[in-house]
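# Residue-level structural notes
So the chains spell out like this:
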Amino acid sequence: MELTGEEEKMLDGEHGEWVSKAIKLLIRLGELSGAEKLVKINRSHISGVSYKTAGDATLDMLKDIAKTGVKVKTYATLNPAGMDADKWQEMGVPEYFAIKQRELIEAYIMLGVKPALTCAPYFFENRPKKNEIVAFAESSAIVFTNSIIGARTNRHGSIDVLAASLTGRVPYSGLHLDENRKANVLVDVKENELSESDYGFIGIFVGGRLNPSDIPAFVFNHRPIIDNLRYLGAALAASGAIAMFHAIGITPEAKTKTAAFGNNEPVEKISVGREEIKKVKEELFSEIDEPDAIFIGCPHASVDEIKKLAMAVKNKDLKEGLRFWVFTSRFVKEKIENEGLLNILENAGIRVYTDTCMVVAPIEELGLRRIITNSLKAAWYIPKFAEGKVIVDVKPIDDIVDLYLKS
Amino acid sequence: MIFYGKIVNEWNGVIKGQALVSKKRISFLGDIDPKRGIVRDPNSDIRGEHLKGRILVFKGGRGSTVGASVIYALKKFGNAPLAIVTVESDPVVISGAIFSDIPMISEVSEKILDIIQSGTVLELIERRNKGLIKVV
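Quick summary incoming for the structure in this document. Source: prediction; values computed, not measured.

### Re the overall build of chain A
Each helix and strand counted, chain A has 16 helices and 16 strands in total. What you see for chain A is a C-alpha radius of gyration of 21 Å, in line with the 22 Å of a compact globule of 407 residues. In terms of overall dimensions, chain A has C-alpha extents of about 70 × 55 × 40 Å along its principal axes. The proportion of buried residues among the 407 residues of chain A is 53%. Taking contacts inside chain A between residues at least 6 apart in sequence as the whole, the part at least 24 apart equals 79%.

As structure tokens, this is what we get:
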């Protein structure tokens, strides 16, 4: 691989031991993906933040790295942690967990990383520009960045994104290159009356039929809103490790079918409608009538989503004994608070938590067994993390409000 | 007998030690107990074996990226293998080896898993930018 003088210096240890290790790792990974050079980046988003997933091993390693005084060279933000930093006790998070979680976040802060603690940094905290090459971890943010913004990131894991942040470099390969961003699968969506959860079901269905390197192009007979495409993308990434999709006539690199496919011919055509949605629901999820908790906000809820929810629950009350939690970023929470929406939600008995989410919080330790969510990403991961101790049902927000809030 | 592979993480001179060979892929998160330095996966063909001081030869990695931190923890607890030799190039194992200063060779012919056994003494030598594995 061809290195610049600056990169040679990093490798030789002039920027310290960890920058040297980091760039060596990026070179090795680049060799595997056929990259001929590294490329500079100014922006990254780091996963591996919740103590539930990262554990003591990651905590100890981060502390060792931070001790050397090395700092990230990118504008780097953090994915959600395992708890709301202020309201962890109210959530029921055990104290031992809270202590470890704080140490983990502190270690990242010492490295110069911004504790945005959101999986949706692209709204406010860390939004790449169109065509900008970045290093994002967090599968739902990767798919959003590539597909909806038209910025460019490969699928990064928690370690290589840290290496990219410490060096300000990534191997130039994969989705950085125009020719690798073209669709190769055509997906025809037959319905036009779809809830946000239906977009998730479609994502799970299609993702399960593709390889991680596939790029599906969706044809809709209507115009989905951004939040619907977010749910679609997060589910595609969950079931299929998909890093990018196109929506013809909607997303920035798919103005036309020709633009989406370039020189590719579709290797596969998939048709999705009610029947497929029903099949996924029956095969993968449980029927729950009396949940312990309702979760919204995976990926972290947008201002629009919370607005819609607030309008639906105004002057209503959550049924007794139920928990209804909304997860979002601090930035979004502040905005909705200023608009008076937080009050409406809290008056209805709904709690809004920041810094964390239903997937990375230790929900199996919170005594919750039956969960209802509108998110297919959450429904996909929660039972897996809880090793079957938690069951999940999926319902769109409208149905949840009808069923579990009274006037 | 000699095998060649790609050098993932360099070393100086010759590394000599006993092989610990698994024909399976390893998820360091879960399969390995870094504090005790042993393989705890009940389905592993090297279950209960200690990694310390041995040349760990296996098919490749699988599972969580946190596995890289577990390799780092092995090193920190003084339980790291002397070197890692793999058939496949798995990003998680590569990350762990580089971050933990453990010499590593990858992309070795899968035949190595049939031909050498745990206990076989191996020498790892760098030759013309390739990693050479010599059965002593």
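### Comments concerning the pairing of strand 6 (residues 83–86) of chain B
All names here are of chain B. Covered by surrounding structure in strand 6 are Ala83 and Val85 together with Ile84 and Thr86, the residues of both alternating faces. Of the strand pairs in this sheet, strand 5 (residues 55–61) and strand 6 are connected by four bridges, and their pairing is parallel. Each bridged residue has a counterpart across the sheet, and for Leu56 the counterpart in strand 6 is Ile84. Sheet analysis places strand 6 next to strand 7 (residues 104–106), joined by two bridges and oriented parallel. What sits directly across from Val85, in strand 7, is Ile105. For the crossover from strand 6 across helix 3 (residues 91–99) to strand 7, the handedness is right-handed.

### Here's the deal with the sheet that holds strand 7 of chain B
Whether parallel or antiparallel, the strands of a sheet pair through hydrogen bonds between backbone atoms. Residues and elements named next belong to chain B. Around the barrel, which closes on itself, the seven strands sit in the order 1-7-6-5-2-8-9 with mixed pairing between neighbours. Recorded for the sheet is a direction-independent mean angle of 40° between the axes of neighbouring strands. Relative to the sheet, helix 3 contacts strand 1 (2–9), strand 5, strand 6 and strand 7, its axis offset from that of strand 1 by approximately 70°.

### Focus: helix 7 (residues 158–167) of chain A
All names here are of chain A. Here helix 7 lies mainly inside the structure; ten of its ten residues are buried. Among all positions of helix 7, only Ser158, Ile159, Asp160, Val161, Leu162, Ala163, Ala164, Ser165, Leu166 and Thr167 are buried. A positive phi of about 65° marks Gly168, the residue just after helix 7.

### A short note on helix 12 (residues 303–313) of chain A
Each α-helix winds once per 3.6 residues, and so residues spaced three or four apart point in a common direction. All names here are of chain A. Those residues of helix 12 that sit buried are Glu305, Ile306, Leu309, Ala310 and Val313. Each buried residue of helix 12 lies within a common arc of 135° when the element is viewed along its axis, so the set occupies one face. Where helix 12 ends, the next residue or the one after it, Asn315, has phi of about 65°, a positive value.

### So, the interface of chain A and chain B
On the side of chain B, 16 residues touch chain A, which itself brings 17 residues to the contact. Mapped by element, the contributors of at least two residues to the side of chain A that touches chain B are helix 2 (17–32), helix 3 (51–67) and helix 7 of chain A. Counting residues per element, the side of chain A that touches chain B draws most heavily on helix 3 of chain A, at seven residues. In the side of chain A that touches chain B, the residues fall into seven nonpolar, five polar and five charged.

### Here's the deal with unusual backbone geometry
Trans is the prevailing form of peptide bonds, just as negative phi is the prevailing case for residues other than glycine. Residues and elements named next belong to chain A. Put simply, Cys298 and Pro299 share a cis peptide bond, and its omega is -5°. Counting through the fold element by element, Pro299 comes out in the loop between strand 10 (293–296) and helix 12. Positive phi values are uncommon outside glycine, yet Ala241 reaches one of about 55°. Classification of Ala241 as partly exposed rests on a count of 17 C-beta atoms within 10 Å. The phi dihedral of Asn315 falls on the positive side, at around 65°, and the residue is not glycine. Summarising the element assignment, Asn315 is placed in the loop between helix 12 and strand 11 (317–318). Residue classification places Asn315 among the exposed positions, given that 9 C-beta atoms sit within 10 Å.

### A word on the nonpolar core
With 177 residues, the main nonpolar core has Leu26, Val143, Leu345 and Met358 of chain A together with Val57 of chain B as its most contacted residues. Beyond its immediate stretch of four places on either side in the chain, Val57 of chain B contacts Ala19, Leu20, Val21, Val85, Ile112 and Ile116 of chain B.

Quick notes on the rules
Each chain has its residues counted from 1, running along the sequence as written. Numbering of ligands from 1 and lettering of chains from A proceed in the order in which they are written. In keeping with the model being predicted, local features are shown solely for residues with a pLDDT of at least 70 and side-chain atom pairs are shown and tallied solely at 80 or more, while totals for entire chains, interfaces and linings include all residues. Think of it this way: any DSSP run of H or I at least four residues long counts as a helix, any run of E at least two long counts as a strand, and we number them from the N terminus. For this measure, only C-alpha atoms enter the radius of gyration; the expected value for a globule follows 2.2 Å times N^0.38, where N is the number of residues. The burial label depends on the number of other C-beta atoms within 10 Å of a residue's C-beta. Counts of 20 or more mean buried, 12 or fewer mean exposed, and intermediate counts mean partly exposed, with C-beta atoms placed from the backbone. Contacts are defined on C-beta atoms placed from the backbone: any two residues whose C-beta positions lie within 7 Å are in contact. Two strands qualify as a pair provided that DSSP identifies no fewer than 2 bridges between them. Orient the strands so they point away from the viewer, and a crossover whose first-strand-to-second-strand path over the helix runs clockwise is right-handed. Between the N-to-C directions of two axes lies an angle of 0 to 180 degrees, each axis being a line fitted to C-alpha atoms and, for a helix, fitted only over the stretch in contact. Note: the arc covers the axis-to-C-beta directions of the helix. Classification convention: Asp, Glu, Lys, Arg as charged; Ala, Val, Leu, Ile, Met, Phe, Trp, Tyr, Cys, Pro as nonpolar; all other residues, Gly among them, as polar. Among buried residues, those of type Ala, Val, Leu, Ile, Met, Phe, Trp, Tyr and Cys that are joined through C-beta atoms within 7 Å form a set called a nonpolar core.

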